[in-house]
Amino acid sequence: MKKHSRFNTLLLHFKEYSSLYLFIVVLFIMGVIFGAIVVNSMNFSQKHDLFIYVERFFGQVANGELASSKDIFFQSFFQKLTFVMLMWVLGISIIGLPVILILLFLKGVVVGFTVGFIVNQLSWKGFLLSFASIFPQNTIAIPVYIIVTALAVAFSMKMIRQLFAKRITEPFFQSFLRYSILMGILLVILGVSSFVEAFLSPMMMKAVINVL
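Residues numbered from 1 in each chain as written. Predicted model: local features only at pLDDT ≥ 70, side-chain atom pairs only at ≥ 80, totals over all residues. Heavy atoms only, no water.

A few points about the side chain of serine 201
Phase 1: Considering the arrangement of structural elements, one finds serine 201 in helix 7 (residues 172-211).
Phase 2: A polar atom in the side chain of serine 201 sits 2.6 Å from the side chain of glutamine 137.
Phase 3: Setting aside chain neighbours within four positions, we find serine 201 in contact with Ala132, Ser133, Pro136, Gln137 and Val196. (Helix = DSSP H or I, 4+ residues; strand = E, 2+ residues; numbered from the N terminus. Polar contact = N/O pair within 3.5 Å; in protein donor to acceptor, adjacent residues only side chain to side chain. Contact = heavy atoms within 4.5 Å.)

Topic: the packing of helix 2 (residues 18-41) against helix 6 (residues 135-164)
Phase 1: With their axes 10 Å apart at the nearest point, helix 2 and helix 6 run at an angle of 130° to one another. By the angle between their directions, the pair helix 2 and helix 6 is classed as oblique. Here helix 2 runs over helix 6; the crossing is right-handed. Together, Leu20, Tyr21, Ile24, Val25 and Phe28 of helix 2 and Ile142, Ile146, Ile147, Thr149, Ala150, Val153 and Ala154 of helix 6 make up the contact between the two elements.
Phase 2: Residues belonging to the contact of helix 2 with helix 6 are distributed by class as follows: eleven nonpolar, one polar and no charged. (Axes fitted to C-alpha atoms, helices over the stretch in contact; angles between N-to-C directions. Parallel < 35°, antiparallel > 145°, perpendicular 65-115°, else oblique. Left-handed = near helix turned anticlockwise from the far one by under 90°. Nonpolar A, V, L, I, M, F, W, Y, C, P; charged D, E, K, R; others polar.)

Structure, rendered in structure tokens:
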């Protein structure tokens, strides 16, 4: 019965904020597109210098010279922890609303630039390498980033409404506690993404590089 109730609560949440989620997804996609456009705006020298670095990285993967999976996991998780904590703080700060959206847009830019550059330089081989190195962890991370952003924006907007409209529909502490717990749950899910990035992605990259 509890599971059914929680499922209904989730459905109501997504229905209530459907337009917000649509806006955030479109914003992220715009970031991805912008990142891919940036690749095409780079000159030959810039592309060459960056490609040397990328080539060296894939060479290290092929030779098993990367940092240990444990180190990769903690580094990845720390980055995700920093992002979620920053979003959480911005969500309760009211004035951080535009920064929340900018940070998600930049996440999209990074993904678009990374995939765009590798594909631009290596054609179909770059597509396979991108699929192996970026796709596995981001199938988990990107939806979570979108939900984290939506929660931060929704909480910030709720605080603004309560501050200016003086409408208190729910005690602040109760709302704040639920917001914080949800952020914590999403952080745990991002931990799964870091695990995939640390243990699965290097194996997939090595397999693809050996085949190519």
